[in-house]
Amino acid sequence: CFCSSSLLLLPKPNAGDTIAPMPQRNIGYVQLLRQNPDFTRLWAGQLVSNLGDWFNTVAVLALVYDLTQSGFATGLIIIASTLPAFILTPFAGVIVDRFDRRRIMITADLTRAVLALGMLLVRTTDQIWLLYILSGLLIAFSSFFGPALNSAIPNLVSRDELISANALSSATWGLMLAVGAAVGGVVIALAGRDSAFVVNSISFLFSASMVFSIRKPFGQPDESQAHAP
């Protein structure tokens, strides 16, 4: 038949020829959240946790200034909330690549939930030192949570979902900066600073529950174990 003979005459690809990859089809944010429940849980935990972070930031700055009436003391709390990340972030990437990312994230969330409640103990100027320590520890554990989350995303989404997932996760911090700080200020004015610390603690518990509910692996299996008999 003509069709069969035509197929036989088609040139065969050489061994050195390369085949062009299929073009990547990027999906939208709404579709991503609808079709990938594991990423949706992860992102929801990140969203609520970031909201609690800004509640906490506004409350801590207000507390320090109210107790000390010092701009210098208020500036020190900002340093305490940024310096640990500067020091630990370069090492955090190595840690999250060597250990279970899910456990790192849950441990960081549960520890931060306790630390956030510890800020309720600060009532006088003499106890300000405790606020500095707690703020530094919060950021220290966050320095491990963030890289673990970023490293887990490629394992929870498909190739077509990856760009949208990374963009949505990256935009969450900036979104909560605008929303969380404003809403946090209103909540603190209406319910007091202690409510912000409690909300922050609850946000970490919510994030931990979302991470725990995800069943997909957060990292690739170890090569030596993958080929073991």
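Throughout, a residue's number is its position along its own chain's written sequence, starting from 1. Since the coordinates come from a predicted model, pLDDT governs what is reported: local features require at least 70, and pairs of side-chain atoms require 80 or more to be given and counted, while whole-chain, interface and lining totals use all residues. Hydrogen atoms and water are omitted, and side-chain values are computed over all heavy atoms in the structure.

Peer 1: Lay out the nonpolar core with the relevant residues and their values.
Peer 2: Throughout this description, the term nonpolar core refers to a set of buried Ala, Val, Leu, Ile, Met, Phe, Trp, Tyr and Cys residues connected via side-chain atoms within 4.5 Å. We call a residue buried when its accessible area falls under 20% of the maximum for its residue type, exposed when it is over 50%, and partly exposed in between, using a 1.4 Å probe and counting protein chains only. Ranked by internal contacts, the top residues of the largest apolar core, which has 22 residues, are Phe-39, Leu-42, Met-105, Ile-153 and Phe-218. Secondary structure elements follow DSSP: runs of H or I no shorter than four residues count as helices, runs of E no shorter than two count as strands, and numbering proceeds from the N terminus. Of all elements in the fold, only helix 3 (37–68), helix 6 (101–118), helix 7 (128–156) and helix 8 (162–191) reach the threshold of two or more residues within this core. Broken down by element, this core gets its largest block of residues, six residues, from helix 7. For this analysis, residues touch if any pair of their heavy atoms sits within 4.5 Å. Beyond its immediate chain neighbours, meaning those up to four positions away, Met-105 contacts Leu-42, Phe-145, Ala-148, Leu-149, Val-211 and Phe-218. Core analysis: the next-biggest nonpolar cluster, separate from the first, contains 20 residues, Phe-55, Leu-63, Val-64 and Met-119 among them.

Peer 1: Which residues make up unusual backbone geometry, and what values go with them?
Peer 2: At Gln-69, a position not held by glycine, the phi torsion is positive, near 55°. With respect to the helices and strands, Gln-69 occurs in the loop between helix 3 and helix 4 (71–80).

Peer 1: Explain a nonpolar patch on the surface residue by residue, including any values.
Peer 2: A grouping of Phe-72, Leu-76, Ile-79, Leu-83, Phe-86, Ile-87 and Phe-91 is seen on the molecular surface, where their side chains present a nonpolar patch of about 770 Å² in accessible area. Of all elements in the fold, only helix 4 and helix 5 (83–98) reach the threshold of two or more residues within the nonpolar patch. The element contributing the most residues to the nonpolar patch is helix 5, with four residues. With respect to the helices and strands, the residue Leu-76 is situated in helix 4. Overall, the relative accessible area of 30% leaves Leu-76 in the partly exposed class. The residues that make up patches have over 30% relative accessible area and no salt bridge, and they are joined within 9 Å when like-charged or within 5 Å when they are Val, Leu, Ile, Met, Phe, Trp or Tyr. Throughout, the Shrake-Rupley method with a 1.4 Å probe supplies accessible areas, and for residues the shown protein chains are the sole cover considered. Each salt bridge in this description consists of a side-chain nitrogen of Lys or Arg and a carboxyl oxygen of Asp or Glu lying within 4 Å of one another.

Peer 1: Tell me about the packing of aromatic side chains, residues and numbers included.
Peer 2: Note on aromatic pairs: each is described by the distance of the centres and the angle between the planes. Between 30 and 60 degrees the pair is tilted, below 30 it is stacked and above 60 it is edge-to-face, where a pair is any two Phe, Tyr or Trp rings, Trp via its six-membered ring, whose centres lie within 6.5 Å. The tally for this structure, following the rule as stated, stands at one aromatic pair. Above the ring of Phe-145, the side-chain terminus of Arg-112 is found at 4.7 Å from the ring centroid. Two conditions define a charge located above a ring, namely a distance within 6 Å from the ring centre to NZ of Lys or CZ of Arg, and an angle within 35 degrees of the ring normal. We note Arg-215 situated over the ring of Phe-212; from NZ or CZ to the ring centre the distance is 5.5 Å.

Peer 1: Go over the layout of surface pockets, please, and point to the residues and values.
Peer 2: One number sums up the size of the largest pocket: a volume of about 790 Å³. Cavity: a set of points on a 1 Å grid over the protein atoms alone where a 1.4 Å probe fits but cannot get out. Pocket: an open set with protein on both sides within 12 Å along at least five of seven lines, its lining residues, like those of a cavity, having an atom within 4 Å of a point. Asn-50, Asp-53, Ile-139, Ser-142 and Trp-173 are the residues nearest the centre of the largest pocket, which is lined by 28 residues in total. When residues of the lining of the largest pocket are traced back to their parent elements, those giving at least two are helix 3, helix 4, helix 7, helix 8 and helix 9 (193–213). The residue inventory of the lining of the largest pocket, partitioned by class, reads 13 nonpolar, 13 polar and two charged. Grid points are joined across faces, edges and corners, and a volume is the space filled by probe spheres set on the points. Any residue outside Ala, Val, Leu, Ile, Met, Phe, Trp, Tyr, Cys, Pro, Asp, Glu, Lys and Arg is labelled polar, Gly included; the first ten of those are nonpolar and the last four are charged.

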